[in-house]
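Tertiary structure, described
Residues per chain are reported as follows:
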Amino acid sequence: MKYLSMIAALMFAGSAFAVDCVDCHNAINVEEHAEMEANIETCNDCHSLTDAHELDTDLHTPDLTITECADCHEVK
């Protein structure tokens, strides 16, 4: 059972890190958005992010910053 949990966690982590925004979208200027102190709520307000994307709310809190997004996702 311990190994099953470990495998499930690794598969989940791999799938979360596999998402590259630039596969479907133009690159995001992270520096510009960081200066604006953009976070996920800002993305939703300006770009209707949640209309087209289902976010895991356990990982993606509303105060998650654009630089934190760029840590896991290829946005530039």
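Residue indices begin from 1 for each chain and proceed along its sequence in written order. Residue-level local features of this predicted model are given only where pLDDT is at least 70; pairs of side-chain atoms are given and counted only at 80 or more, and the full residue set underlies all totals for whole chains, interfaces and linings. Heavy atoms from the whole structure form the basis of all side-chain values; hydrogens and water molecules are not counted.

Moving on, we come to the overall build of the protein. Each helix and strand counted, the protein has 5 helices and 0 strands in total. A run of H or I in DSSP becomes a helix once it reaches four residues, and a run of E becomes a strand once it reaches two; helices and strands are each numbered from the N terminus. Beginning at the N terminus, the succession of helices and strands in the protein can be written as α-α-α-α-α. Here the protein holds 76 residues, and 16% of them are scored as buried. The criterion used for residue contact is that any of the two residues' heavy atoms lie within 4.5 Å. Long-range contacts, defined here as pairs at least 24 residues apart, represent 76% of the contacts in the protein between residues at least 6 apart. Computed by Shrake-Rupley with a 1.4 Å probe, the accessible areas treat only the displayed protein chains as cover when residues are assessed. Entry remark: accessible area of the protein is about 6000 Å², with carbon and sulfur atoms responsible for 57%. Think of it in three bands: residues with accessible area under 20% of the maximum for their type are buried, residues over 50% are exposed, and the middle band is partly exposed, with areas taken using a 1.4 Å probe on protein chains only.

The next thing to look at is the nonpolar core. By size, the foremost hydrophobic cluster in this structure holds 8 residues: Val30, Ala38, Ile40, Leu64, Ile66, Cys69, Ala70 and Val75. Sort the elements by how many residues they give to this core and helix α5 (residues 66–72) lands first, with 3 residues. Leave out the neighbours within four places in its chain, and valine 30 touches Ile66, Thr67, Ala70, Val75 and Lys76. Buried residues of nine kinds, namely Ala, Val, Leu, Ile, Met, Phe, Trp, Tyr and Cys, make up a nonpolar core once their side-chain atoms join them within 4.5 Å.

Before going further, it helps to spend a moment on unusual backbone geometry. Even without being glycine, glutamate 37 reaches a positive phi, approximately 55°. Along the chain, glutamate 37 turns up in the loop between α2 (30–35) and α3 (40–47). On the basis of relative accessible area, glutamate 37 is assigned to the exposed category, the value being 66%. Even without glycine at this site, serine 48 takes up a positive phi of about 50°. Positionally, serine 48 belongs in the loop between α3 and α4 (49–52).

A separate point is the environment of alanine 34. Take alanine 34: it is sitting in helix α2. Alanine 34 sits 32 residues away from isoleucine 66 along the chain, and the two C-alpha atoms are 6.2 Å apart. With residues up to four places along the chain from it excluded, the contact list for alanine 34 reads Ile66 and Thr67.

All right, on to the confidence of the model for the protein then. What pLDDT conveys is the predictor's confidence in a given residue, as a value from 0 to 100. In this model, the protein carries an average pLDDT of 80, and 76% of its residues clear a pLDDT of 70 or more. The weakest mean pLDDT in the protein belongs to helix α1 (residues 2–17) at 56; the strongest belongs to α2 at 92.

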